[in-house]
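Observations on the three-dimensional arrangement
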Amino acid sequence: MATLSADFALPLRSFDLRLALDVERTVALVGPSGAGKSSALRAIAGLLRPAEGRIALDGEAWVDVARGVCLEADERRVGLVFQDYALFPHLSVRANVAYGGRERVDELLERFRISHLAKARPRELSGGERQRVALARALARDPGVLLLDEPLAALDAHTKAGVRVELQELLAGFELPALIVTHDYEDAVALAGTVGVLVDGELRQLGSPEELVAEPRDPFVASFTGANLLRGRAVGHENGLTTVRLESGELLYSTDGADGEVGVVVYPWDVSVGRAYVDDSALNLVSGEVGSLVQVGNRVRVRVGPLTAEVTGASAERLELARGGTVFASFKATGTRLVPL
Amino acid sequence: MRRRLLAVLFLGASAVALLFLVLPVVAIFARVPPSRLLHQLSTPVVTDALVVSFKTTAIAQALILLFGTPLAYLVASRRFRGRALVVTLVELPLVLPPAVAGLGLLAAFGRMGLLGSTFGGLGLHISFTQTAVTLAVAFVASPLYIRTAIAAFEAVDPDLVAASRTLGAGSTRTFFRVVLPLAGNGLAAGEALAFARGLGEFGATIMFAGSLQGVTRTLPLAIYAEFSVNFDVALALGALLVAISAALLLTLRLILSWRPSPRTSPSLFAPST
């Protein structure tokens, strides 16, 4: 597997983007808009010129400012999928793909299930189809690295779920380093094994999704990742509920449908904390010791076993929450998301 | 009541304006029966002028495309110091009185002109030749093309250019396969405008090139020469130019309504229909 190493500085309008990371498999850069995510991709692709630093693919330097090296975009083997896909409107789907390279056009059209659209113009395609064309075109270039700029942002919610699964499968079977940029933490977690949080041009934290949620390095990462993420496996479907067995053995229920390995996503503000056991099939119940108590504004973040819950200061006092005591954390099956892992 | 009055006033003013614009054109065709107009078109005065006009205009348009397109692309795609000045200089001939344009061309390329003496030393005399007509046409018509071409190049989505580069195309291939096809309609529209303007060129031509039948006498110059001699011939020439202009306008509208690459944002030149 090839490695893309980037360690560079790029002056932007209101701050300098500084990025240092190695991309081996799939890495997602996540952050608010204007954080410099797209600029990072453009610098790697050769559309923006870093002021200092080095970008290399497996030791082949694309940028080495100290040595005066800066390859043009067309000299770097990179597949960049633009946020709005940037398909050539005057060319057919086939000609768009062939623009990247002529050798594997038919194979790629087949692989992305767009053979029947070969003669269509981009304006006749749906959002999901456009993305498949953009991916096929980028791969036709035979790139050494794949860069995806907000691959799901241009899609409506309905299309997005399906396309996300497709992308996951594509990236999973990939022999290339891939760098994805997104503003949506859930998408980042679904698509990448390593997530970097980028704020104001600065990489605040880089790690696995679990690491970021469990040990956010700073308040921004914490608030950005926000959600609890529990790993498990979907083991059954009944009455519109999916049963998930967590790695700890506990069973949880969700109204989302899913199969196989899933991540259970629960937002802390959806979790209630109580002293008593409640028997309610619509509620998920997790018991555990109170791990930590953090005052956030007028609310308190409580760590219960593997979960972070957010309760009002008043109820924290009423419950006499203290570290070490055993409590029950409960959250509704309807408020429990399942993301495929 | 006041609203009614305003509506009547607007309608009345519109009718006067429209009539005023249409009447002279209609008058050209109304005065002489069409059969006689057609007959006049075969006189040598007319055929000579037609040949001179189309030859000079065609060469001038070729020069405008050849030199104007790269200039327009550079101005549209680069941000450099003095860019606004370049745009102003390009547009200046557009607002310059034609007599001044003719004077300027004489002062530059005439026998005693800035470059004229150099050319003269090489045995090249430009003023009062067909070359002079071509230069005059190119001078007054090129700003229309270059201006429209700049707008057309600027309207090409920079992400498409970037996409082409990341797909391995160099800047030359990107220009010919992405930029030029996408700006094509705008360029064609600018070219149609420049062609119409060049064909009607009068003031600069008569000062810089004179009005010699078969050499420098273009269609507009022939009208001027004939209207005191044979008004019917002048009318026939006029009718011919009206027809050509109408055809150009129609072409322009067709080009602008036929867009193979619809953009999400409305085009600057979107037809009003």
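Residues numbered from 1 in each chain as written. Chains lettered and ligands numbered in written order. Predicted model: local features only at pLDDT ≥ 70, side-chain atom pairs only at ≥ 80, totals over all residues.

**Observations regarding the overall build of chain B**
For clarity, the cut-off: By definition, any uninterrupted DSSP run of H or I lasting at least four residues is a helix, any uninterrupted run of E lasting at least two residues is a strand, and each is numbered from the N terminus. Each residue is classed by its C-beta neighbour count within 10 Å, where at least 20 other C-beta atoms makes it buried, 12 or fewer makes it exposed, and intermediate counts make it partly exposed; the C-beta atoms are placed from backbone geometry. The contact criterion used is a C-beta to C-beta distance within 7 Å, with each C-beta placed from the backbone.
Secondary structure summary: chain B contains twelve helices and zero strands in total. In chain B, the succession of α and β elements from N to C terminus is α-α-α-α-α-α-α-α-α-α-α-α. Seen through its C-alpha atoms, chain B measures out along the principal axes to roughly 75 × 65 × 35 Å. Looking at the 273 residues of chain B, the share that counts as buried comes to 37%. A separation of at least 24 residues holds for 75% of the contacts in chain B among residues at least 6 apart in sequence.

**With respect to the overall build of chain A**
Going by this rule: Values of the radius of gyration come from C-alpha atoms, whereas the globule rule sets the reference at 2.2 Å times the count of residues to the power 0.38.
Scanning chain A from N- to C-terminus turns up nine helices and 21 strands. At 23 Å, chain A has a C-alpha radius of gyration in line with the 20 Å of a compact globule built from 341 residues. Expressed as lengths along the three principal axes of its C-alpha atoms, the size of chain A is roughly 65 × 50 × 30 Å. Burial status across chain A gives 43% buried among its 341 residues. At a minimum sequence separation of 6, the contacts of chain A that also span at least 24 residues come to 64%.

**Brief notes about the pairing of strand β12 (residues 228-238) of chain A**
All names here are of chain A. Which entries qualify depends on this criterion: Two strands are counted as paired when DSSP detects at least two bridges linking them.
Two elements, β12 and strand β15 (residues 260-266), share seven bridges in a ladder whose sense is antiparallel. Counted as the bridge partner of N228 is V266 from β15. Direction of pairing for β12 relative to strand β13 (residues 241-246): antiparallel, over a ladder of six bridges. Bridging from a neighbouring strand, R233 pairs with R245 of β13.

**Section: the interface of chain B and chain A**
What counts is decided by this rule: Classification used: nonpolar for Ala, Val, Leu, Ile, Met, Phe, Trp, Tyr, Cys and Pro, charged for Asp, Glu, Lys and Arg, polar for all others including Gly.
In this complex, chain B contributes 16 residues to the contact, which on the side of chain A involves 17 residues. With six residues, helix α8 (residues 158-166) of chain B is the single largest residue contributor to the side of chain B that touches chain A. Per-class residue counts for the side of chain B that touches chain A are ten nonpolar, four polar and two charged.

**Things to note about the packing of helix α3 (residues 44-77) of chain B against helix α9 (residues 171-199) of chain B**
Residues and elements named next belong to chain B. Threshold: Note on method: axes are straight lines fitted to C-alpha atoms, helices fitted across the in-contact stretch only, with angles between N-to-C directions ranging 0 to 180 degrees. Just so you know how the angles are binned, under 35 degrees is roughly parallel, over 145 roughly antiparallel, 65 to 115 roughly perpendicular, and the rest oblique. For any pair of crossing helices, the crossing counts as left-handed if the nearer helix is rotated counterclockwise from the farther one by less than a right angle, and right-handed if it is rotated clockwise.
Following both chains from N to C, one finds α3 and α9 inclined at 140°, their axes separated by 10 Å at the closest point. Here α3 lies oblique to α9, going by the angle between them. Between α3 and α9 the crossing geometry is right-handed. Residues S53, T57, A60, Q61, I64 and L65 of α3 lie in contact with α9, whose contacting residues are E191, A194, F195, G198 and L199.

**Thoughts on helix α4 (residues 127-140) of chain A**
Residue and element names in this part refer to chain A. What counts, and what does not: A helix is expected to span 1.5 Å multiplied by its residue count minus one.
Helix length check: α4, at 14 residues, gives a terminal C-alpha distance of 20 Å against a target of 20 Å (1.5 Å per residue), a fit within 8%. For α4, the buried fraction is high: twelve of the 14 residues fall into the buried class. Buried within α4 are the following residues: E129, R130, Q131, R132, V133, A134, L135, A136, R137, A138, L139 and A140. Buried-residue contacts for α4 involve β7 (78-81), α2 (93-100), α3 (105-111), β8 (145-149) and α5 (157-172). One or two positions beyond α4, positive phi appears at D142, with a value near 60°.

**Some remarks on unusual backbone geometry**
With a phi angle near 45°, A:E150 is a residue other than glycine that sits in the positive phi range. Positionally, A:E150 belongs in the loop between β8 and α5.

**Quick notes on the nonpolar core**
Put simply, the rule is: Each nonpolar core comprises buried Ala, Val, Leu, Ile, Met, Phe, Trp, Tyr and Cys residues, the members being joined through C-beta atoms within 7 Å.
Residues A:A136, A:L147, B:A136 and B:L237 are the most contacted members of the largest nonpolar core, which totals 165 residues. At 16 residues, the largest contribution of residues to this core is made by helix α7 (residues 130-154) of chain B. Ignoring sequence-local partners within four residues, the contact set of A:A136 consists of A:V97, A:L108, A:L109, A:F112 and A:I114.

**Details of the pairing of strand β3 (residues 26-30) of chain A**
Residues and elements named next belong to chain A. By the criterion of burial, β3 is predominantly enclosed, with five of the five residues buried. As paired strands, β3 and strand β10 (residues 194-199) are joined by four bridges and run parallel to one another. Directly across from A28, in β10, lies its bridge partner V195.

**Notes on the domain arrangement of chain A**
Residue and element names in this part refer to chain A. To keep things clear, this is the line we draw: The source of the domain bounds is an automatic or database domain assignment.
Domains assigned within chain A are domain 1 (4-77 + 144-225) and domain 2 (228-340). Each of domain 1 and domain 2 has a C-alpha centre, and these two points are 31 Å apart. Across the contact, eight residues belong to domain 1 and six residues belong to domain 2. Taken together, the elements giving at least two residues each to the side of domain 1 that touches domain 2 come down to α5, α6 (185-191) and α7 (209-214).

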